[in-house]
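Listed here are the chains, written in short residue letters.
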Amino acid sequence: MLDEDRKQDLANRFLYFPLVRLLLFTRWFRIMFVILVLLALVLGLLFPRLWRVSPDGYHPPVKVSLLNLIQVWNDRRTAEAQMAEGRAQDSLQTWRNALVLNPANAGLVRGLLRAVTAVPEPAAYTVLVNEQAKALLRITQTNQTDLELVAQVFEKCRLTYALVNLLSPLENLLPPSLDPAYLKALFRNQELARFHQRWETVQGRLPEDAALALYREAYLAGWGPADGRPEARQKLEAAAAEGPHRDLANHLLLQVCRQQRDFATAQRALNALVDAQADELRDHVTFWRLLAAEGRNLEAAQLLQACQLRPASPLDAADLVDLCFSLALQRQAQQQMEWALNTFGYDPLLCARYATLLIETRDWNELRTRAVQIRLQPGVTSSLSALSYFMEARADLGEGQVDFAQVALDKLSGFELDDPLLTLTVVNGLIDVGFPDPAVAILSRVEPKLATRRDYWQALTRAAFLQRNTVTLLRAVRRLYQSDPNDLAAAADYALAVIIQRAEPDQALQLTTNLLSRLPDNLMVQVRYGAALALNRQAQQAQKVLGQVNPSLLSPPEATQYHLALLEALLDLGQTNQASAISARIETNYLYAPQFQWLRSVATNLPPPLASASGGR
């Protein structure tokens, strides 16, 4: 305690500092001042977003305030209590509120995804699920536990397309626990060749699962080797008649019947599902497609218009819209697409399918309108933005506005395409309208992500043919052929690429020999077989094979390949006069660079007009 003299001395010193005098001599003011200072400190810590909660490398970084952390803690407790009480819808909303405050918290995202699986109609949250699943895998760097959770949620929401996209790049790293979900998603997504390939790879580690086994039987019954189809079909029909998986077996049997054009069995399978109240819109769509294949379009259209069922997933909605267009129900297709976009959001599968259909029907106004609407969506992805600019460019090209289309294509090149379906939709669309260069540029950027997909190599093959780029063409068709040696179209393209390059005569002969054994009456195959023989210096046999082909029945590019092969055979046989006559029929604008170089190299051995050939592609 200060004595009176000391107090008086201090009071005189701070005569002109009233605040200090109050602090020194007024106890209650001193207490209130300390309280105010502490309150200011608390408020300074409570409201500003000072704490970074996102992991390193997460962009943009997320910072939260102390108040946010308190609110998130409270929301988390509330959401968990609501889930425990069975109030999944309320819990889902609470998790969403918490994530607004702290979007980089992996625990909150996991809670939200688990809540989605418990709500009555999880498919209504596809946009939310896609966004949060991507966020969770970014936060946790795709660890196995979260990968399994996301796969489970995708399966529950029937996001088969998203599930395939998620797991495809990780095929070689997938744990056995994810094999069943991946296989089912491949089958439902109609990627049957990949389903078979994956099954052959992992069948030794698959669990005993009667439901999964039915998918295998369905594949064997509809798409497997011909000698094994009856047995697999019998097993599938037995499971559809009785047993714990009757409904699944009937779903799958409908798919098999569509493949085999078996209308009677398909009708029985659909009726069984209807009687069991297990039918879904996709079952009816399969049946309507079978009706259309039978030429009963009017009946299919009437049934479609009378059906009250709604799509349960973006894939189902896309298939329904596709069917509406094929049945000339454009207005119905527009209505269904509006409903699907309102329900599932601007899902990549829906947008890609709708863009393709609008291009096919040349509805340029609707295509341009949808392009703008896509870009106006909150949080639109880079891939969807790229698709929207392609749609705008395609609409401009459809109306002959080439300059405007080029502007849209320039904007497209600034966006990253990381979604396989959207990437291939844009690329194939560019190839269709004669723009292979930007298509190849996009494909080269995404090759590390899409190199395991056949449709990637198919697109690159198309673009390389259009560019007349023989190096890219040979690389693409080789990968395409290696992925499925039984694909006759891939084998034919591979054979042509090898013949064009003139570098692998043995491979050319092997390919064309196999093709000829399977397609002995195909003129194109006969021409390529003759060219392979000529390339292998079997001139006499080449002349014999080519002599059986009527070149007037060939297209100009194929006729050019025919005359070039015959020229090579005649030169080897020393028949220069006939070779000179044949050379005059070669249209050099259809030749590829290696072929033209060879043609120019032999020109000096022949009289005109070959010796005057110049230019080439």
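Heads up: the structure comes first, above all this text.
My aim in this report is to walk through the structure given alongside it, one point at a time. (Residues numbered from 1 in each chain as written. Predicted model: local features only at pLDDT ≥ 70, side-chain atom pairs only at ≥ 80, totals over all residues. Heavy atoms only, no water.)

1. Some words on the overall build of the protein chain
Then comes step 1: Across its full length, the protein chain carries 34 helices and two strands.
Then comes step 2: For the protein chain, whose C-alpha radius of gyration is 34 Å, the value lies well above the compact-globule estimate of 25 Å for 617 residues.
Then comes step 3: Taken along the three principal axes of its C-alpha coordinates, the protein chain extends 135 × 70 × 50 Å.
Then comes step 4: Put simply, the protein chain has 617 residues, and 47% of those count as buried.
Then comes step 5: Element-wise, carbon and sulfur atoms account for 52% of the exposed surface of the protein chain, whose accessible area totals about 30500 Å².
Then comes step 6: Of the side chains in the protein chain, 61 bear a positive and 63 a negative charge, and the two mean positions are spaced by 5 Å. (Helix = DSSP H or I, 4+ residues; strand = E, 2+ residues; numbered from the N terminus. Rg over C-alpha atoms; globule rule 2.2 N^0.38 Å. Buried < 20%, exposed > 50% of the residue type's maximum accessible area, 1.4 Å probe, protein only. Areas by Shrake-Rupley, 256 points an atom, 1.4 Å probe, with all protein chains shown as cover. Lys, Arg positive; Asp, Glu negative; His and termini not counted. Charge placed at Lys NZ, Arg CZ, Asp CG, Glu CD.)

2. Description of the side chain of Ser388
Then comes step 1: Locating Ser388 in the fold gives a position in helix α22 (residues 382–398).
Then comes step 2: By relative accessible area, Ser388 is classed as buried at 0%.
Then comes step 3: At 3.2 Å, the side chain of Ser388 and the side chain of Arg375 are in polar contact.
Then comes step 4: Non-local contacts of Ser388, meaning those with residues more than four positions away in its chain, are made with Ala371, Ile374 and Arg375. (Polar contact = N/O pair within 3.5 Å; in protein donor to acceptor, adjacent residues only side chain to side chain. Contact = heavy atoms within 4.5 Å.)

3. Some details on a nonpolar patch on the surface
Then comes step 1: A cluster of nonpolar side chains, contributed by Trp28, Ile31, Met32 and Ile35, occupies part of the molecular surface with about 430 Å² of accessible area.
Then comes step 2: Position of Met32 among the secondary structure elements: in helix α3 (residues 27–46).
Then comes step 3: According to the relative accessible area criterion, Met32 is partly exposed, its value standing at 46%. (Patch = residues over 30% accessible without salt bridge, like charges linked within 9 Å, V, L, I, M, F, W, Y side chains within 5 Å. Salt bridge = Lys/Arg side-chain N within 4 Å of Asp/Glu carboxyl O.)

4. Focus: the nonpolar core
Then comes step 1: Formed by 148 residues in total, the largest nonpolar core has its most connected members in Phe154, Phe187 and Trp288.
Then comes step 2: Broken down by element, the residue count for this core peaks at nine residues, all from helix α20 (residues 348–360).
Then comes step 3: Among residues more than four places away in sequence, those in contact with Trp288 are Leu281, Ala300, Leu303, Leu304, Cys307, Leu320 and Leu323.
Then comes step 4: Counting 50 residues, the second-largest nonpolar core is a separate cluster that includes Ala497, Val498, Leu546 and Leu606. (Core = buried A, V, L, I, M, F, W, Y, C linked by side-chain atoms within 4.5 Å.)

5. A few points about helix α13 (residues 229–241)
Then comes step 1: Compared with the 18 Å implied by 1.5 Å per residue over 13 residues, the 18 Å span of α13 between its first and last C-alpha is a close match.
Then comes step 2: Residues of α13 that are buried make contact with α12 (210–223), α14 (246–260) and α15 (263–275).
Then comes step 3: At the exit of α13 stands Gly243, carrying a positive phi of roughly 120°. (Expected span 1.5 Å × (residues − 1).)

6. Some words on the packing of aromatic side chains
Then comes step 1: Enumeration according to the criterion identifies ten aromatic pairs in this entry.
Then comes step 2: Note on Phe195 and Tyr219: the rings are 5.8 Å apart at their centroids and 50° apart in plane angle, and the pair reads as tilted. Residue Phe195 is found in helix α11 (residues 192–202), and its partner Tyr219 is found in helix α12; the two are separated by 24 residues along the sequence. Each member of the pair, Phe195 as well as Tyr219, is classed as buried.
Then comes step 3: Feature note: the residues Phe187, Phe195, Trp199, Tyr215, Tyr219 and Trp223 constitute an aromatic cluster, connected by ring pairs.
Then comes step 4: Taking the ring centre of Tyr389 as reference, the NZ or CZ of Arg375 above it sits at 4.1 Å. (Phe/Tyr/Trp six-rings, centres within 6.5 Å; stacked < 30°, edge-to-face > 60°. Lys NZ or Arg CZ within 6 Å of the ring centre and 35° of its normal.)

7. Some details on the environment of Ile586
Then comes step 1: Position of Ile586 relative to the elements: it lies in the loop between α33 (576–583) and α34 (593–602).
Then comes step 2: Assessed through its relative accessible area of 9%, Ile586 is described here as buried.
Then comes step 3: Taking the C-alpha atoms as reference points, Ile586 and Pro176, separated by 410 residues in sequence, lie 57 Å from one another.
Then comes step 4: Residues contacting Ile586, with those up to four places away along its chain left out, are Thr560, His563, Leu564, Leu567, Leu591 and Leu599.

8. Things to note about the side chain of Gln561
Then comes step 1: Examined against the element boundaries, Gln561 turns out to sit in helix α32 (residues 556–572).
Then comes step 2: Of note is the side chain of Gln561, whose polar atom sits 2.7 Å from the side chain of Gln595.

9. Some words on the packing of α13 against α14
Then comes step 1: At a minimum axis separation of 7 Å, α13 and α14 run at an interaxial angle of 140°. Between α13 and α14, the angle is such that the two are oblique. Both α13 and α14 take part in a crossing whose hand is left-handed. Packed against α13, whose contacting residues are Arg229, Arg233, Leu236, Glu237, Ala239, Ala240 and Ala241, the element α14 presents Arg246, Ala249, Asn250, Leu252, Leu253, Val256, Cys257 and Gln260 at the interface.
Then comes step 2: Classifying every residue of the contact of α13 with α14 gives nine nonpolar, two polar and four charged. (Axes fitted to C-alpha atoms, helices over the stretch in contact; angles between N-to-C directions. Parallel < 35°, antiparallel > 145°, perpendicular 65-115°, else oblique. Left-handed = near helix turned anticlockwise from the far one by under 90°. Nonpolar A, V, L, I, M, F, W, Y, C, P; charged D, E, K, R; others polar.)

10. Some details on the environment of Cys307
Then comes step 1: If you trace the backbone, Cys307 turns up in the loop between α17 (297–306) and α18 (314–326).
Then comes step 2: Taking the C-alpha atoms as reference points, Cys307 and Ala115, separated by 192 residues in sequence, lie 31 Å from one another.
Then comes step 3: Discounting chain neighbours no more than four positions away, the residues touching Cys307 are Leu281 and Trp288.

11. Digging into the state of the cysteines
Then comes step 1: Under the definition given, this model contains zero disulfides.
Then comes step 2: Free of any disulfide, Cys157 has its nearest neighbouring cysteine sulfur in Cys351, separated by 18 Å.
Then comes step 3: Taking the relative accessible area as the measure of exposure, Cys157 reaches 0% and is therefore buried. (Disulfide = S-S within 2.5 Å.)

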